[in-house]
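# Close look at the chain arrangement
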Amino acid sequence: MPYDPRLVEPMRRDLTSAGVEELLTAADVDAFMRRPGTKLLVVNSVCGCAAGMARPGVKLALQGANRPKHAGTVFAGQDLEATAKARSYFGGVPPSSPSMALFKDADLVHFVPRHAIEGRDAQSLAFELVGAFDQHCAPAAR
Amino acid sequence: MPPVGTFHHDKGALHGITVVVRTADGGIWIGRCDTIDAAGVHLLDADRHEAAPGAPSGEAWLAQAAAYGVWPRHPHVLVPAAGVSNVERLGTLRK
């Protein structure tokens, strides 16, 4: 059952206020994934164990010099259809939330599952994301 | 790095954390730890390594799990305390 929208709203805003596009439907996800270039897709979550660090980590990483051309987010446990559609682009990767997927066009090039977020701080997570952005989103890599 | 744990202070330091549970008979379970008590390790959304001809070795299965996670094939599992030889965070195994 989806969470109370009032509970989720601040967690949505945490990312959307940083310019991450909210993808509410499967059609939104498909349209996002059809865009050419590099894309970060964040599976947001209520989970305090990991999402509390995931969102600040993403925001911090997106301030770097090299960033994906597009950044979008779905909310697990809330936007069920959009989340299922997003996960369909992750190939054989088991579902986890929060999680982050970096694509180069349609190819998944870096994935951060929930267990890689647990127990980390925002800076540490951002450091990993920035490394992936530098590798895949720098002008020479596009 | 902040201490591992969650806001559920009555649940223990590994509550909500994805862990690898190794058992004395060579078994490997991976799941989200709910609690650890006298009965054993209670895991949610867990999977276990199945040793079978043609199946990946335990270490290969662990490496794959460390990179991407596991499928939640078992919604709730109790790994009996008597058989548990080690519990560690899956995140520490990620390269």
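Placed above this text is the structure.
Here goes a summary of the coordinates provided. Fair warning: this is a prediction, and the values are worked out from it, not measured in the lab.

### Brief notes about the packing of helix 2 (residues 26–34) of chain A against helix 4 (residues 80–88) of chain A
Residue and element names in this part refer to chain A. Closest axis-to-axis distance for the helix 2/helix 4 pair is 7 Å, and the angle between their directions is 35°. Relative to helix 4, the crossing made by helix 2 is right-handed. Side by side, helix 2 and helix 4 meet where Ala26, Val29 and Asp30 of the first sit next to Glu81, Ala82, Lys85 and Ala86 of the second. Looking at the contact of helix 2 with helix 4 residue by residue, the class counts come to four nonpolar, no polar and three charged.

### Focus: the sheet that holds strand 1 (residues 21–22) of chain A
Residues and elements named next belong to chain A. Taken in spatial order, the five strands of this open sheet run 1-3-2-4-5, and their pairing is mixed. Both edges of this open sheet fall to strand 1 and strand 5 (107–112), since each of them pairs with a single strand only. Note that strand 2 (residues 38–44) and strand 3 (residues 70–75) share six bridges and pair parallel. Bridge pairing in strand 3 links asparagine 44 to phenylalanine 75. In the packing of helix 5 (residues 122–137) onto the sheet, contacts are made with strand 2, strand 4 (99–104) and strand 5, and the angle to strand 4 comes to roughly 10°.

### A closer look at the nonpolar core
Residues and elements named next belong to chain A. Residues Leu40, Val58, Met100, Leu129 and Phe133 are the most contacted members of the largest nonpolar core, which totals 22 residues. Elements with a minimum of two residues in this core: strand 2, helix 3 (51–61), strand 4 and helix 5. Looking at this core, the element that brings in the most residues is helix 5, giving six residues. Dropping the residues within four chain positions of it, valine 58 is found in contact with Leu15, Leu40, Val42, Met100 and Leu129. Counting residues in each nonpolar core, the second largest holds 15 residues, with Phe32, Leu41, Ala76 and Ala86 among its members.

### Quick look at the side chain of A:Glu128
Its place among the elements puts A:Glu128 in helix 5. Here A:Glu128 is in contact with A:His110, A:Val112, A:Arg120 and B:Arg94, once residues within four sequence places are set aside.

Scoring rules and cut-offs
Residues numbered from 1 in each chain as written. Chains lettered and ligands numbered in written order. Predicted model: local features only at pLDDT ≥ 70, side-chain atom pairs only at ≥ 80, totals over all residues. Heavy atoms only, no water. Axes fitted to C-alpha atoms, helices over the stretch in contact; angles between N-to-C directions. Helix = DSSP H or I, 4+ residues; strand = E, 2+ residues; numbered from the N terminus. Left-handed = near helix turned anticlockwise from the far one by under 90°. Contact = heavy atoms within 4.5 Å. Nonpolar A, V, L, I, M, F, W, Y, C, P; charged D, E, K, R; others polar. Pairing = 2+ DSSP bridges. Core = buried A, V, L, I, M, F, W, Y, C linked by side-chain atoms within 4.5 Å. Buried < 20%, exposed > 50% of the residue type's maximum accessible area, 1.4 Å probe, protein only.

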